[in-house]
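One-letter residues, chain by chain:
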Amino acid sequence: MSRIANARTPPSDSDIRAWCSACDAEDQAADLVAANRQAGQMYVQWKQLHRDGMRRVQEDAVSLFEQTRQFRVYCSNVMPGMVQQRGYARDLMTVITEFQGTPNDVSDAVESRLARGRYLREGSRTFALVLEEAVLRYPFGESAEMRDQLCYLLDVMALPRVSLGVIPFGTKRKMWPLEAFYMFDDRLVEAELLSALVAISTPGEIATYAKAFKILAGMAVYGPAAKALIREAIDALG
């Protein structure tokens with residue numbers, strides 16, 4: 001155990017299970033084994049992911065979208081990628097590229113991101129999207145492009161397998177604003193930090209995000225009330 005504690009030998013699955021058993025914590029073994037297996041892939045810096053530009057990351061996400069049947073998405077800062085329009089996506093990706101200092105392939109990356117929007121209309125996938133109202137007010141692109149983006153949200157709300165809620169300013173908080181996160185069924189959560197993408201696959205942590213999403217979704221307004229907030233944001237563009 002001292003070799004593991006001093007990071008000279010990585011723990012095996014059997015090491016973890018034996019330690020949990022000795023500590024009368026068998027119920028934690030599954031989470032710890034999953035975390036240990038994913039340790040090298042769990043936290044990846046954006047600069048590493050975008051070392052060749054942003055297009056490859058967009059294309060790599062296709063297989064994950066193909067395999068997922070239930071999407072749950074919470075965004076407190078920008079529009080979910082799957083509903084972004086061309087002008088908004090181009091301006092956002094340009095800002096990200098300049099900040100990270102990574103190769104600029106924004107035009108190709110935008111087209112790859114827009115192509116994923118088809119999943120909103122294809123197949124039997126369901127999408128539950130929850131946005132903080134601030135997302136409607138943070139402008140990317142020119143006013144006309146931001147207006148186009150907001151109008152598209154109204155169109156998305158009419159899709160039969162999409163639920164889109166907005167948490168209004170002034171809502172009594174039952175959950176504090178979090179980093180943006182995407183839930184892919186009950187098997188993976190991707191949380192977006194400033195410097196890195198965190199991929200979470202341990203059952204206990206996924207359950208924690210599911211609990212948070214349920215609370216956040218319960219704070220949101222839907223239907224006519226959500227549409228009114230979007231239209232107010234459109235009108236504020238002048």
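The rules we used
- Residues numbered from 1 in each chain as written.
- Predicted model: local features only at pLDDT ≥ 70, side-chain atom pairs only at ≥ 80, totals over all residues.
- Heavy atoms only, no water.
- Helix = DSSP H or I, 4+ residues; strand = E, 2+ residues; numbered from the N terminus.
- Contact = heavy atoms within 4.5 Å.
- Buried < 20%, exposed > 50% of the residue type's maximum accessible area, 1.4 Å probe, protein only.
- Pairing = 2+ DSSP bridges.
- Axes fitted to C-alpha atoms, helices over the stretch in contact; angles between N-to-C directions.
- Parallel < 35°, antiparallel > 145°, perpendicular 65-115°, else oblique.
- Left-handed = near helix turned anticlockwise from the far one by under 90°.
- Nonpolar A, V, L, I, M, F, W, Y, C, P; charged D, E, K, R; others polar.

Residue placement: M82 occurs in the loop between β2 (70–75) and α6 (86–100). Sequence separation between M82 and Y119 is 37 residues, and the spatial gap between their C-alpha atoms is 8.3 Å. Excluding anything up to four places from it in sequence, M82 contacts F65, F71, V73, G117, L120, F127, L129 and Y182.

Take the pairing of strand β7 (residues 196–200) next. Within β7, four of the five residues are buried, which leaves it mostly tucked inside the rest of the structure. Examined bridge by bridge, strand β1 (residues 43–45) and β7 share three bridges and lie antiparallel to one another. In the strand pairing of β7, Q45 is matched with A196. Alignment of strand β6 (residues 188–192) against β7, held across four bridges, turns out to be antiparallel. Looking at the pairing, A191 lines up with V198 of β7. Two successive antiparallel strands, β6 and β7, enclose a turn made up of three residues.

Time to look at the packing of helix α5 (residues 55–67) against helix α7 (residues 106–115). Their axes nearest at 8 Å, the elements α5 and α7 cross at an angle of 20 degrees. Regarding the angle of α5 to α7, the classification is roughly parallel. Where α5 crosses over α7, the two elements pack in a sense that is left-handed. Across the interface between the two elements, R55, Q58 and E59 of α5 pack against D108, A109, S112 and R113 of α7. A breakdown of the residues in the contact of α5 with α7 according to their chemical character gives one nonpolar, two polar and four charged.

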